There are 2 protein chains.
Amino acid sequence: MIAPGDFKKNSDVVIDWIDHYLNHITEFPVKSQVMPGEVYRKIPERPPRDPESLERIMKDLHEVILPGITHWQHPNFHAYFPANNSVESIFAEFVTSAIGAQCMIWDTSPAAAELEERMMEWLRDAIHLPPGFDGVIQDSASSATLVALITAREVATGFRSNEEGVPGNLRVYCSGETHSSIEKGVGVCGIGKKNLVKVGVDEQLRMDPRLLEEQVMADIHKGFQPCAAVGTIGTTGTLAVDPIDAIGEICKKYHMWFHVDAAYAGTALLLPEYRWMIEGIEKVDSFVFNPHKWMFTNFDCSVYYVKNADLLISAFEVLPEYLKTKSRGSVNDYRDWGVPLGRRFRALKLWFVLRGFGISGIEERLRTHIGLNRYFSDEIRKIPGIILAMEPFLNFTIFRLHPSGVKDQELLNRLNEKLLEEINGRGKLFLTHTKIRGAYSLRMVIGQTYVEQRHIDLAINEISSAAENLAI
Amino acid sequence: MIAPGDFKKNSDVVIDWIDHYLNHITEFPVKSQVMPGEVYRKIPERPPRDPESLERIMKDLHEVILPGITHWQHPNFHAYFPANNSVESIFAEFVTSAIGAQCMIWDTSPAAAELEERMMEWLRDAIHLPPGFDGVIQDSASSATLVALITAREVATGFRSNEEGVPGNLRVYCSGETHSSIEKGVGVCGIGKKNLVKVGVDEQLRMDPRLLEEQVMADIHKGFQPCAAVGTIGTTGTLAVDPIDAIGEICKKYHMWFHVDAAYAGTALLLPEYRWMIEGIEKVDSFVFNPHKWMFTNFDCSVYYVKNADLLISAFEVLPEYLKTKSRGSVNDYRDWGVPLGRRFRALKLWFVLRGFGISGIEERLRTHIGLNRYFSDEIRKIPGIILAMEPFLNFTIFRLHPSGVKDQELLNRLNEKLLEEINGRGKLFLTHTKIRGAYSLRMVIGQTYVEQRHIDLAINEISSAAENLAI
């Protein structure tokens with residue numbers, strides 16, 4: 001056991017390791033190249049009986065753990081959506097871990113509750129949500145969406161499902177492009193996956209509001225009760241933006257909860273030129289976006305906004321004797337705003353990032369990423385055989401290999417699957433895929449905090465040479 | 001924005017602040033003395049347009065945030081249950097934040113998945129759970145319990161409630177002493193709070209298995225379907241230990257899922273002398289304990305064990321195209337083991353703590369805490385007017401002021417409420433309360449990592465002088 005008095009002396013080895021990691025990250029393969037079981041087998045079967053030195057643990061960190069890490073902060077990590085961080089956010093996490101406060105209620109750390117309240121206001125205003133929205137930090141958009149679905153369920157049943165069970169006739173609507181967390185959430189909260197209706201999309205893979213209304217009307221006719229619709233600003237597959245205003249109109253008309261999942265693209269709302277994405281926001285009941293994706297704030301930090309916080313609290317509040325306090329009612333006890341009772345002090349990293357970058361600094365980074373994507377998409381379409389699968393948007397390009405003359409979709413899919421394997425296997429980049437109307441396509445996201453043009457040039461070269469190899 | 005190249009240079013101010021905090025923590029009032037709104041008002045209404053320096057942020061951390069912090073790591077924090085940490089665990093969090101990996105599936109960081117698998121085995125064996133149990137890290141026991149209830153719901157309905165909604169006739173059983181997260185979870189997962197039956201307890205506030213079986217039989221007779229029972233090892237109010245073997249027997253007989261909440265006291269299972277608490281563990285389906293409470297591991301780190309992981313995965317799995325991988329099926333993708341998709345690299349801090357302390361080091365600390373509690377309870381009962389409300393157990397004592405001759409319970413409750421206010425208002429200690437059969441009682445938990453006898457002596461003096469003041 002290291003005593004607090006020895007903290008500083010011992011911190012050197014840790015800080016040096018981190019310093020080396022942050023500054024030599026491009027020397028590692030982006031995607032870990034280990035085989036299943038390789039790391040597991042290197043870790044002893046049993047914990048040591050006696051203490052081991054920090055030096056030895058740090059050595060094993062480097063030799064055993066690091067080869068098994070897929071480097072999310074590598075500037076050539078272009079997979080999934082990023083979970084980028086920043087030196088500011090890392091420092092905030094240092095402080096959070098040292099303070100070690102458990103922020104379940106105001107009493108257990110007033111500053112954590114009140115900083116969270118302010119940070120939620122800062123962000124709400126920065127992305128131009130209406131002032132009536134109240135916010136709370138959740139661990140992930142999956143959890144935030146679950147919270148939204150449960151609140152919707154309670155509102156639809158007059159708060160009876162919390163007490164008596166969930167009737168089998170509630171219906172939730174989203175598009176087939178909506179994130180899998182909606183399906184998971186509908187199962188978890190007991191509405192039932194059969195009651196999740198996937199509405200058709202238009203050419204751009206955006207939910208078609210006309211089809212939504214038709215479906216809602218047909219369901220009412222059959223005795224179902226429309227409960228909620230989920231719209232997405234920036235779908236996971238292709239970054240499609242559902243028409244918020246039109247969907248909101250239908251939700252109002254049929255008394256449905258309207259939840260908007262802007263987990264990834266929500267950060268772009270900091271830029272005035274993307275605010276068209278939330279036109280109709282006044283018709284929205286709840287809204288989630290993840291600063292831990294594209295806003296330089298360490299995972300986990302998902303921000304959930306709700307127009308009527310009383311409904312949220314009514315759906316989640318329980319009050320045992322040991323949590324009764326004098327301040328109750330005059331402050332925010334965020335434990336009542338979601339599933340977990342215990343909460344980390346996550347507002348601190350938002351404060352560090354928003355102040356350390358300034359709004360102008362965040363805007364600058366976002367525009368750099370968007371500019372790099374424009375550059376990337378212009379270059380990539382020049383590679384023989386490669387086509388863009390959709391119009392590039394924000395910092396996101398989706399493309400595939402489609403050699404002229406090849407028509408068989410299965411063959412094309414296998415070809416693109418191979419292309420992705422080839423690219424990722426070299427360890428210089430990491431990309432992931434999706435299918436667009438059955439067509440296997442490669443997703444390229446440019447959202448790493450410190451990414452520069454030379455990293456994009458490297459990506460273009462790698463993709464180009466991998467494509468060339470396959471053509472032989 | 002601080003560039004990675006400037007990480008080390010800038011880390012000094014952060015490390016120095018943390019070093020000072022850890023080594024001067026006893027100079028701060030344990031429980032923050034700020035008034036509601038005090039911190040909030042000191043934070044500007046808007047984020048800065050331009051970047052601010054790290055020095056300025058750290059200065060505000062000290063001047064604005066710190067006075068609003070309730071110091072969970074203060075050796076005289078004896079409230080709630082602790083969420084203790086350690087220098088080892090803090091260092092691990094440093095590394096985790098710098099790597100910034102999002103560990104949703106094996107592919108996104110093989111080492112995180114495989115270290116988690118090993119750490120779950122290390123801990124399972126260390127607390128003597130049977131080898132058939134598989135473990136996963138959750139953020140909190142609330143989330144773990146929700147996961148257990150959903151799995152139970154699915155098993156009871158043949159996995160139909162995931163699809164079709166939750167019938168109103170499922171019943172869940174616990175005692176009135178069970179943690180509030182059960183009630184919350186039953187509401188969240190749609191079983192309904194009316195279907196949570198609180199079974200009576202014995203003199204020691206342990207669930208009475210005879211009453212449980214009577215209730216189950218009566219419910220079946222009325223057409224209800226028993227779904228799950230929740231037993232507790234170390235209740236929040238008084239640290240009562242439910243009879244696991246007898247409850248397990250009934251669960252087997254009536255085909256109910258048996259979940260055990262050992263969130264706090266589970267750590268004591270590292271000591272052979274407390275293993276009687278899990279007699280009958282082979283009849284248990286799922287089990288949660290929180291290394292983030294009493295095992296020197298930073299919040300959040302809750303460990304959830306399940307006997308049949310296939311049932312858990314079946315209840316939570318969804319598989320969209322963009323998460324399909326080559327390794328699927330041959331590795332653990334922990335996103336399917338709970339609600340959130342995104343996951344932090346939390347196994348790392350368990351590895352740092354278990355190696356840095358060694359099992360012997362953890363045992364030594366636990367026994368020190370238990371010894372200090374024995375000392376505390378012996379001394380506190382000598383203070384005139386103070387009685388022990390229950391027999392002290394582990395590192396936990398519950399007591400109240402009961403001047404001889406005073407019989408009126410309401411008067412006594414007001415007196416003890418005042419005693420608690422007096423103690424906490426001085427800022428030297430922080431205690432919380434519960435009610436035992438209506439009697440307001442003060443809880444004293446001795447679980448801070450670095451607590452020593454002098455801190456307990458201070459606590460005894462403070463309580464004694466506060467009690468004396470009230471007697472005047």
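Residues numbered from 1 in each chain as written. Chains lettered and ligands numbered in written order. Predicted model: local features only at pLDDT ≥ 70, side-chain atom pairs only at ≥ 80, totals over all residues. Heavy atoms only, no water.

Caption draft 1: Spatial organisation of the overall build of chain A. Helix and strand content of chain A: 15 helices and eleven strands. Taken over C-alpha atoms, the radius of gyration comes to 24 Å for chain A, in line with the 23 Å a tight globule of 472 residues would show. C-alpha extents for chain A along the principal axes are approximately 70 × 60 × 45 Å. For chain A, buried positions account for 68% of its 472 residues. Across chain A, every contact between residues at least 6 apart in sequence was considered, and the portion connecting residues at least 24 apart equals 74%. The average position of the 51 basic charges and that of the 61 acidic charges among the side chains of chain A differ by 3 Å. (Helix = DSSP H or I, 4+ residues; strand = E, 2+ residues; numbered from the N terminus. Rg over C-alpha atoms; globule rule 2.2 N^0.38 Å. Buried < 20%, exposed > 50% of the residue type's maximum accessible area, 1.4 Å probe, protein only. Contact = heavy atoms within 4.5 Å. Lys, Arg positive; Asp, Glu negative; His and termini not counted. Charge placed at Lys NZ, Arg CZ, Asp CG, Glu CD.)

Caption draft 2: Structural view of the side chain of H433(B). With respect to the helices, strands and loops of the structure, H433(B) is situated in strand β10 (residues 432–436). Reaching out from H433(B), the side chain makes a polar contact with the side chain of Y440(B) at a distance of 3.5 Å. (Polar contact = N/O pair within 3.5 Å; in protein donor to acceptor, adjacent residues only side chain to side chain.)

Caption draft 3: Examining helix α14 (residues 409–425) of chain B more closely. Residue and element names in this part refer to chain B. Its 17 residues give α14 an end-to-end C-alpha distance of 24 Å, which sits within 8% of 24 Å, the value for a rise of 1.5 Å per residue. Turning to α14, its buried residues number three or more, namely L412, N413, N416, L419, L420, I423 and N424. One side of α14 carries all its buried residues, which in axial view fall inside an arc of 120°. Counted as exposed and oriented over 90 degrees from the buried face of α14: E410 and K418. Of the residues trailing α14, G427 is marked for its positive phi of about 80°. (Expected span 1.5 Å × (residues − 1). Arc of directions from axis to C-beta.)

Caption draft 4: How the structure looks around the relation of the copies chain B and chain A. For the pair chain B and chain A, the best superposition has an RMSD of 0.0 Å and corresponds to a rotation of 180° with a translation of 0.0 Å parallel to the axis. Such a combination of turn and shift is consistent with a two-fold rotation axis. The C-alpha atom lying nearest the rotation axis in chain B is that of C189(B); the distance is 2.3 Å. Both copies present the same face, since 100% of the interface residues in chain B are matched by interface residues at the equivalent positions in chain A. (Least-squares fit on C-alpha atoms with pLDDT ≥ 70 in both.)

Caption draft 5: Focus on the interface of chain B and chain A. With 150 residues of chain B at the contact, the number on the chain A side is 150 residues. Summing both partners gives a buried area of about 13800 Å² for chain B against chain A, and 63% of it is carried by carbon and sulfur. For the pair chain B and chain A, the number of links is twelve salt bridges. Note that K8(A) is salt-bridged to D16(B), the shortest N-O span being 2.6 Å. One can count 82 residue pairs in polar contact (both at pLDDT 80 or more) joining chain B with chain A. If you tally residues by element for the side of chain B that touches chain A, the top one is helix α1 (residues 7–23) of chain B, at 13 residues. Among the residues making up the side of chain B that touches chain A, the classes are represented as 70 nonpolar, 39 polar and 41 charged. (Buried area = accessible area lost by both parts, 1.4 Å probe. Salt bridge = Lys/Arg side-chain N within 4 Å of Asp/Glu carboxyl O. Nonpolar A, V, L, I, M, F, W, Y, C, P; charged D, E, K, R; others polar.)

Caption draft 6: Fine view of the nonpolar core. With 307 residues, the main nonpolar core has F94(A), F287(A), W351(A), F94(B), F287(B) and W351(B) as its most contacted residues. Apart from the residues lying within four places of it in its own chain, the contact partners of W351(A) are L115(A), M119(A), W122(A), I43(B), I57(B), D60(B), L61(B) and I65(B). (Core = buried A, V, L, I, M, F, W, Y, C linked by side-chain atoms within 4.5 Å.)

Caption draft 7: Structural context of the confidence of the model for chain A. When the pLDDT values of chain A are averaged, the result is 95; 99% of them are 70 or greater. Across the interfaces of the predicted complex, the ipTM metric reaches 0.97, alongside a pTM of 0.97. (pLDDT = per-residue confidence, 0-100.)

Caption draft 8: Structural detail: the packing of helix α9 (residues 209–221) of chain A against helix α10 (residues 244–253) of chain A. All names here are of chain A. Two elements in contact, α9 and α10, have axes separated by 9 Å at closest approach and are oriented at 15°. On the basis of the axis angle, α9 is roughly parallel to α10. Judged by the twist between their axes, the crossing of α9 over α10 is right-handed. On the side of α9, the interface is formed by P209, L212 and E213, while α10 contributes A246, I247, I250 and K253. (Axes fitted to C-alpha atoms, helices over the stretch in contact; angles between N-to-C directions. Parallel < 35°, antiparallel > 145°, perpendicular 65-115°, else oblique. Left-handed = near helix turned anticlockwise from the far one by under 90°.)

Caption draft 9: Looking closely at the pattern of salt bridges. Residues and elements named next belong to chain A. Tallied over the full model, the rule gives 70 salt bridges over all chains. For R344, the salt bridge is made with E93, and the minimal N-O distance between the two is 2.7 Å. Residue R344 is located in the loop between α12 (309–316) and α13 (347–380), and its partner E93 is located in helix α4 (residues 87–99); the two are separated by 251 residues in the primary sequence. Residues R344 and E93 agree in their burial class; the two are buried. Across the pair D300 and R344 runs a salt bridge, and its minimum N-O distance is 3.5 Å. One end of the pair, D300, is in the loop between α11 (291–294) and β7 (302–306); the other, R344, is in the loop between α12 and α13, with 44 residues separating them in the sequence. In this structure D300 comes out as buried when scored by relative accessible area, which is 3%.

Caption draft 10: Up close: the domain arrangement of chain A. Per the domain assignment, the segments making up chain A are domain 1 (4–30 + 32–69), domain 2 (101–344) and domain 3 (353–471). Relative to domain 2 of chain A, the C-alpha centre of domain 1 of chain A lies at a distance of 38 Å. (Domains from an automatic or database assignment.)

Caption draft 11: Here's a closer look at the sheet that holds strand β3 (residues 196–199) of chain B. Residue and element names in this part refer to chain B. One open sheet accounts for seven strands, arranged β1-β7-β6-β5-β4-β2-β3; its pairing is mixed. Each edge of the open sheet carries a strand with a single partner, namely β1 (134–138) and β3. Strand-to-strand twist across the sheet, computed as the mean angle between neighbouring axes with direction ignored, equals 20°. Taken together, the five bridges between strand β4 (residues 225–232) and strand β5 (residues 257–261) define a ladder with parallel strand orientation. Along β5, the bridge assignment pairs G231 with V260. The sheet strands contacting helix α5 (residues 110–126) are β1, β6 (286–289) and β7 (302–306), and the helix crosses β7 at an angle near 80°. (Pairing = 2+ DSSP bridges.)

Caption draft 12: The sheet that holds β7(A), seen in detail. All names here are of chain A. Spatially, seven strands are ordered β1-β7-β6-β5-β4-β2-β3 in an open sheet, and the strand pairing comes out mixed. Unpaired on one side and paired on the other, β1 (134–138) and β3 (196–199) mark the two borders of the sheet. For this sheet the average axis-to-axis angle between neighbouring strands, irrespective of direction, equals 20°. In terms of strand pairing, strand β6 (residues 286–289) meets β7 through four bridges, oriented antiparallel.

Caption draft 13: Highlighting the packing of aromatic side chains. Summed over all chains, the structure comprises 35 aromatic pairs over all chains. Between F296(B) and F357(B) the ring centres are 5.0 Å apart and the planes differ by 10°, which places this aromatic pair in the stacked class. Taken together, the positions of F296(B) in the loop between α11 (291–294) and β7 and F357(B) in helix α13 (residues 347–380) put the pair 61 residues apart, joining distant regions of the chain. In terms of burial, F296(B) and F357(B) fall into one category: buried. Among the aromatic side chains, those forming a connected cluster through ring pairs are F7(A), F91(A), F94(A), F7(B), F91(B) and F94(B). We note R118(A) situated over the ring of Y40(B); from NZ or CZ to the ring centre the distance is 3.8 Å. (Phe/Tyr/Trp six-rings, centres within 6.5 Å; stacked < 30°, edge-to-face > 60°. Lys NZ or Arg CZ within 6 Å of the ring centre and 35° of its normal.)

Caption draft 14: Region of interest: the environment of K307(A). All names here are of chain A. Here K307 shows up in the loop between β7 and α12. Sequence separation between K307 and C103 is 204 residues, and the spatial gap between their C-alpha atoms is 23 Å. Setting aside chain neighbours within four positions, we find K307 in contact with G132, F133, E282, K283, V284 and D285.

Caption draft 15: The arrangement of the packing of helix α1 (residues 7–23) of chain A against helix α4 (residues 87–99) of chain B in detail. In the contact formed by α1(A) and α4(B), the axes pass within 10 Å of each other and the chain directions differ by 15°. The angle between α1(A) and α4(B) falls in the class roughly parallel. Crossing geometry of α1(A) relative to α4(B) is assigned as right-handed. Listed contacts from α4(B) to F7(A), N10(A), S11(A), V14(A), I15(A), W17(A), I18(A), Y21(A) and L22(A) of α1(A) are V87(B), I90(B), F91(B), F94(B), V95(B), A98(B) and I99(B). Among the residues forming the contact of α1(A) with α4(B), the class breakdown is 14 nonpolar, two polar and no charged.

Caption draft 16: Summary view of the pairing of strand β10 (residues 432–436) of chain A. Residues and elements named next belong to chain A. Across the five residues that make up β10, a large majority, four, are buried. Sheet topology note: the β10/strand β11 (residues 439–445) ladder contains five bridges and is antiparallel. Bridged to I436 within β11 is A439. Hairpin connection, β10 to β11: the antiparallel pair is bridged by two residues, and R437 has positive phi, about 45°.

Caption draft 17: Spotlight on α4(B). All names here are of chain B. The end-to-end C-alpha separation of α4 is 19 Å, in line with the 18 Å expected for 13 residues at 1.5 Å each. Among the 13 residues of α4, 13 are classified as buried, and the element is accordingly described as predominantly covered. One or two steps after α4, the chain reaches G100, where phi turns positive at roughly 55°.

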